[in-house]
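Breakdown of the fold
Here is what each chain is made of, one letter per residue.
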Amino acid sequence: MEKRATIDFTRDPGTLSLPGFRARSQETLRQQIENAGLPGTWVAADLSLGAWRGQQVAREFFAQLALELPSSEFAVADWHRAAPPREISYADIIGEFIDAEALGDRATVESLNFAQRIRERVQGVAPYLFLVIAPRAALPWENENLLFIRFLAQALRATPSKIALVAADADDPAVPADWEIDWQGSREPPPVTVAGDILGLVPGVSSPEMRLALAAADLPPAAALIPLANGYCLVPPERRRRPQDVARLEFDRLGALARPFGWLDAYAQFHGNNMYVEPWFLYTEGQRRLAEGGLGITLRLLERALTKLRIGLDWGIFQSYAQGLRVASQRFAEAANIPDPPAVLPPEMRSFLLQSKGWGYVMTGNLACAEACFQQACSFADPAGQERREYLYLLNIFALCRLKAGDITQALALEKEIEERTARLPFPDRRLQYVNSINLARLYRRRQEFEQAEQYFNAAFSTTLGARSESDALYANLILARLAAERGNHREAFSAWMRAGLHWAASNAPEAVGARVVSSLLGKSAKFEGSMPEAVSASIAASLLAAAALSGSAEIARALQNAKPATLPAPVFARTEQLRQVLPAAGFHCALLGPGFAVLGMHNPLTPQIAGQNFRQLRALLFTVLATLAPAGFFAATQTIGVEDLFGQEIPATPEELLAVCVRLNVPHFAIKGAAGTLSAQTRAQFEQQLQVSLGCAVESLAFQNEQAVILFKRYLAPLRLAPEESRLLFALLEEDDPTVGYLLRRYAGTESGENVLRLLRRLEQKRVVNLDFPRTFEFNPIPLR
């Protein structure tokens, strides 16, 4: 799982206000910026010809600031000699989308991280003026750029730097409904465009390398360009031409010169003559754009490639890939609108295309057409193929169709069939197990068979144990809270809502929580005013208040009933891992265990993620519950609440789990069931030796290659190759039956690695390879309470 930056700026809900300049020439632009009194070195991103690289605005800002943009881009390949992929695992495509949704919105997370990086770069230095040239002629912004601009504007508020939009077209650009642009300047008459300027066809700002590659063409003199930092230049607005006004032959000429720059060659082929379109090149470049975060660009390139292909195997591969992206990005109407797959395609490919088309029909409400697609798709599966994962994913979406049609009996039968066949797969597919278990749980819950529903919900959530995302943690607890309430277990429902609230309040990127989780809280057709985080915060707060009233705890119910959140303290909540990154020298001074949840207290302040009233109210309600459960004065001077998730598992819920955290994080004071206690350094060291070491719950399998351990995980986490010293220790502990830390320390006492045993164990724990927990035989009673 990619390590995310810690976000330390607050985002306000509601309208985003930005300055804007109407300027169709560089002279006008300079004059308007001077009139507005905005100082600073220019840093520009140019979307006037649309976005043609993933995260293009962030990418261009980073380049001028000499910042390295972290990404998962493909290595540059020689596409002329690369063999195109002729086989696609449709099950893997679907599975990857399941994981991507559960991990939260990637574009949101990356945009937040990039805004944070720029904030760190510009703090304490002379001001910068960040300019974004808006798209012309209704060309696409792409969602990742809109997110990044919003977050950067908020990140720059406490710095001397500013961000502004530039409209270089006759009409003001379309912007999101919650943006308010203070446009300055009038719309000018069309400027005289310099004809034949090839640099004016290149999207974005130009790099020195780009200008060198295009030197054979008639480039404008350096004085005609707007110089930017780090050797970059901005093409003045008056030198830009709309793509539809340019002859295709000019794009063909650009593509011939742009071969070293795959993204630019792909752009040229998109606009050029059909005879020069190379479908497999566009396919490869589309994958690169997807790796950069540019899903919309990938779809545009695939759709352009499809115009060149005749109906056949290659057409089917491209269409299958595009369908996967359409479904993943919830473009269901587009997915339903593709032509029926022709008979010349292999049966498995026809089945997948019909499945994805039917998926589009299901989600747009056309169940009759969806049913016909699924019936056809199933008919293409031969008896041997019915044991393949692709067929099981097909049955899964077919079951959803039957459920939406009101046939819960057949939907349940299909999901039970998937369960039986999944158990016979030669290798486990945890993503298939997850969706199958979730669907079975929902069906049993509809039938009010709550015991079976809980069993399958737990089976689904077990596939993410040890690697849970923020979306997973919130979703699991809101589901279990509602299920507990339906079973009449209101105490457990309250505990689950508290855990859900703690996870949400401590989220490092609340805006990125998956759409499925949001719809579960707010309803699939919910229309909320303002920001999504504010709406979710209000929903959780209301559920928490209702659950507290039924929890059986008169003290908590009374405290919340009398609470006036606007006047109550509302400390910032954050994940303990985040706090240790932001405040490495600080420590937690206390830990509290409530009924089914635990938190840690820190004296140091932290910036809240969201500034909204509802988000603050939820924090105040959560802290009211914690203060009610704690001994008098326990949280005195506490300004930040740490939420621990036991390395992607769950918030501690037992004394043993809480004490294990206190030992690991050196927390001196704790409270359990209203009684306070103190852990001395000596006691913590003694307890640490009693911790039991077991293989991590996120681990799927491991193997040893050349004396190094290779770890495969169930979900999300990439395969991991351990260092030799880590591998040797892992091999040694696997020879024992869940050894204790003390046993391993004694076994290696006096050896070169003896001093490193505890350090290595904690490192393996951080990597999710091992768990360190107290055994069931651990004696808690001897701990002295004050």
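The coordinates are above.
Just so it is clear, the model here is predicted, and its values are computed rather than measured.

Notes on the overall build of the chain
Counting its secondary structure elements, the chain contains 30 helices and 18 strands. Since a compact globule built from 786 residues should have a radius of gyration of about 28 Å, the 29 Å found for the chain is in line with a globular shape. Along the longest, intermediate and shortest principal axes, the C-alpha atoms of the chain span 85 × 70 × 60 Å. Out of the 786 residues belonging to the chain, those deemed buried represent 56%. In the chain, the share of contacts with a sequence separation of at least 24, taken over all contacts with a separation of at least 6, comes to 72%. Carbon together with sulfur atoms contributes 52% to the accessible area of the chain, which is approximately 33,000 Å² in total. Both charge centroids of the chain, one from 80 positive and one from 84 negative side chains, sit 2 Å from each other.

Details of the nonpolar core
A general feature of soluble globular proteins is that nonpolar side chains tend to end up buried together. Ranked by internal contacts, the top residues of the largest apolar core, which has 182 residues, are Phe-61, Ile-118, Phe-130, Ile-163, Phe-573 and Phe-635. With nine residues, the single largest contributor to this core is helix α15 (residues 389-404). Beyond its immediate sequence surroundings of up to four residues, Ile-118 is in contact with Phe-61, Phe-62, Leu-65, Leu-67, Phe-130, Phe-148 and Leu-152. Counting residues in each nonpolar core, the second largest holds 52 residues, with Ala-598, Phe-670, Phe-713 and Val-757 among its members.

Here's the deal with the sheet that holds strand β16 (residues 708-713)
Sheet architecture is open: three strands sit in the order β15-β16-β17, paired in antiparallel fashion. Two strands close off the open sheet at either side, each with one partner strand: β15 (699-705) and β17 (720-721). Looking at chain direction, β16 and β17 are connected through two bridges and run antiparallel. If you follow Ile-711 over to β17, its bridge partner there is Leu-720.

Remarks on the sheet that holds strand β11 (residues 640-643)
In space, the six strands of this open sheet follow the order β8-β11-β10-β9-β12-β13, with mixed pairing throughout. Both edges of this open sheet fall to β8 (572-575) and β13 (675-678), since each of them pairs with a single strand only. Across this sheet, the average inter-strand angle for adjacent strands is 25°, counted without regard to direction. Where strand β9 (residues 590-594) and strand β12 (residues 669-672) come together, four bridges link them in parallel fashion. Paired with Leu-592 across the two strands is Ala-671, which belongs to β12. Set on the sheet, helix α25 (residues 613-629) makes contact with β8, β9, β10 (597-602) and β11; between it and β8 the angle comes to about 85°.

A word on the packing of aromatic side chains
All chains considered together, the criterion is met by 20 aromatic pairs. Measuring from centroid to centroid gives 5.7 Å for Tyr-444 and Tyr-456, while their planes differ by 10°, and the two rings are stacked. Of the two residues, Tyr-444 sits in helix α17 (residues 430-446) while Tyr-456 sits in helix α18 (residues 450-462), which places them twelve residues apart along the sequence. Take Tyr-444: its relative accessible area is 11%, and that puts it in the buried class. The buried category is assigned to Tyr-456, whose relative accessible area is 8%.

Let's talk about the environment of Met-210
Of note, Met-210 is situated in helix α6 (residues 208-213). Taking the C-alpha atoms as reference, Met-210 lies 9.1 Å from Pro-260; in sequence the two are 50 residues apart. Beyond its immediate stretch of four places on either side in the chain, Met-210 contacts Val-202, Phe-261, Trp-263 and Leu-264.

Digging into the environment of Ala-460
Position of Ala-460 among the secondary structure elements: in helix α18. Judged by relative accessible area, Ala-460 falls into the buried class, the value being 0%. Sequence-wise, Ala-460 and Phe-635 are 175 residues apart; in three dimensions their C-alpha atoms are separated by 36 Å. Residues within four places of Ala-460 in sequence aside, it is in contact with Tyr-434, Ser-437 and Ile-438.

Notes on the pattern of salt bridges
Oppositely charged side chains are able to pair whenever their charged atoms sit close together. Scanning the model with the defined rule gives 48 salt bridges in all. A salt bridge links Glu-142 to Arg-300; the shortest N-O distance between them is 2.3 Å. Of this pair, Glu-142 sits in the loop between β3 (128-133) and α5 (143-155) while Arg-300 is found in helix α10 (residues 295-306), placing the two residues 158 residues apart along the sequence. Exposure class is identical for Glu-142 and Arg-300. Each is buried. For Arg-759, the salt bridge goes to Glu-725, with nearest N and O atoms at 3.9 Å. Of this pair, Arg-759 sits in helix α30 (residues 757-766) while Glu-725 sits in helix α28 (residues 724-734), placing them 34 residues apart in sequence.

Some remarks on helix α13 (residues 347-363)
Since one α-helical turn is 3.6 residues long, residues separated by three or four positions face the same way. If you check α13, its first and last C-alpha atoms are 24 Å apart, about what 17 residues at 1.5 Å a residue would give, namely 24 Å. Here α13 lies mainly inside the structure; 13 of its 17 residues are buried. One or two residues past the end of α13 sits Gly-365, with phi positive at roughly 90°.

Quick notes on helix α22 (residues 532-550)
Between the first and last C-alpha of α22 there are 28 Å, a value that for 19 residues agrees with the 27 Å anticipated at 1.5 Å per step. Its side-chain oxygen 3.3 Å from the backbone nitrogen of Glu-534, Ser-531 forms the N-cap of α22. Of the residues trailing α22, Gly-552 is marked for its positive phi of about 90°.

Examining the packing of helix α3 (residues 90-102) against α17
Close contact between α3 and α17 brings their axes to 9 Å; oriented N to C, the two are set at 65°. Taken as axis vectors, α3 and α17 run roughly perpendicular relative to one another. Taken as a pair, α3 and α17 cross one another with a handedness that is left-handed. Between α3 and α17, the contacting residues are Asp-92, Gly-95, Glu-96, Ile-98 and Asp-99 on the first element and Arg-431, Tyr-434 and Val-435 on the second.

Let's talk about the side chain of Arg-664
Of note, Arg-664 is situated in helix α26 (residues 655-665). Beyond its immediate stretch of four places on either side in the chain, Arg-664 contacts Glu-644, Leu-646, Phe-647, Arg-762 and Glu-765.

Side note on the environment of Ala-322
When you line up the elements, Ala-322 lands in helix α11 (residues 313-328). With relative accessibility at 0%, the residue Ala-322 sits in the buried group. When sequence neighbours within four positions are dropped, the list of residues in contact with Ala-322 reads Leu-299 and Leu-302.

Observations regarding the pairing of strand β4 (residues 162-167)
The element β4 is largely enclosed, with a buried count of five among its six residues. Both strand β1 (residues 16-22) and β4 contribute to a ladder of three bridges, which runs parallel. Bridged to Gly-20 within β4 is Leu-165. With five bridges joining them, β3 and β4 adopt parallel strand pairing. Each bridged residue has a counterpart across the sheet, and for Ile-133 the counterpart in β4 is Val-166. Where the polypeptide runs from β3 across α5 and back to β4, its parallel neighbour, the crossover connection is right-handed.

Rules and cut-offs
Each chain carries its own residue numbering, running from 1 in the written order of its sequence. Residue-level local features of this predicted model are given only where pLDDT is at least 70; pairs of side-chain atoms are given and counted only at 80 or more, and the full residue set underlies all totals for whole chains, interfaces and linings. With hydrogens and water set aside, each side-chain value is computed from the structure's full complement of heavy atoms. Helix and strand labels come from DSSP, where a helix needs a run of H or I of at least four residues and a strand needs a run of E of at least two; each type is numbered from the N terminus. The quantity called the radius of gyration is restricted to C-alpha atoms. Its globule counterpart is 2.2 Å times the number of residues to the power 0.38. Only protein chains enter the accessibility calculation, which uses a 1.4 Å probe; a residue is then buried when its area is under 20% of its type maximum, exposed when over 50%, and partly exposed in between. Only heavy atoms matter for contacts: two residues are in contact if any of them lie within 4.5 Å across the pair. Each accessible area is a Shrake-Rupley result for a 1.4 Å probe, and residues are judged covered by the shown protein chains and nothing else. The charge count includes Lys and Arg as positive and Asp and Glu as negative, but it does not include His or the ends of the chains. Charge coordinates come from a single atom per side chain, which is NZ of Lys, CZ of Arg, CG of Asp or CD of Glu. Put simply, buried Ala, Val, Leu, Ile, Met, Phe, Trp, Tyr and Cys residues joined by side-chain atoms within 4.5 Å make one nonpolar core. For two strands to count as paired, DSSP must find a minimum of two bridges between them. Inter-axis angles, ranging from 0 to 180 degrees, are taken between N-to-C directions of lines fitted to C-alpha atoms, where helices are fitted over the stretch in contact. Pairing of aromatic side chains requires ring centres within 6.5 Å, counting the rings of Phe and Tyr and the six-membered ring of Trp. Pairs whose planes differ by under 30 degrees are stacked, by over 60 edge-to-face, and all others tilted. Whenever a carboxyl oxygen of Asp or Glu lies within 4 Å of a side-chain nitrogen of Lys or Arg, that contact is scored as a salt bridge. Helices are assigned an expected span. That span is 1.5 Å times one less than the residue count. Distance and chemistry together define a polar contact, namely a pair of N or O atoms within 3.5 Å, with one atom able to donate a hydrogen and the other to accept it when in protein, and with adjacent residues in sequence counting only for side-chain atoms on both sides. Orientation labels follow simple angle bins: below 35 degrees gives roughly parallel, above 145 gives roughly antiparallel, 65 to 115 gives roughly perpendicular, and whatever is left gives oblique. Here is the rule for handedness: rotate from the far helix to the near one, and if that takes an anticlockwise turn smaller than a right angle the crossing is left-handed, while a clockwise turn gives right-handed. Looking down the strands as they point away from the viewer, one classifies a crossover as right-handed if the path from the first strand across the helix to the second runs clockwise.

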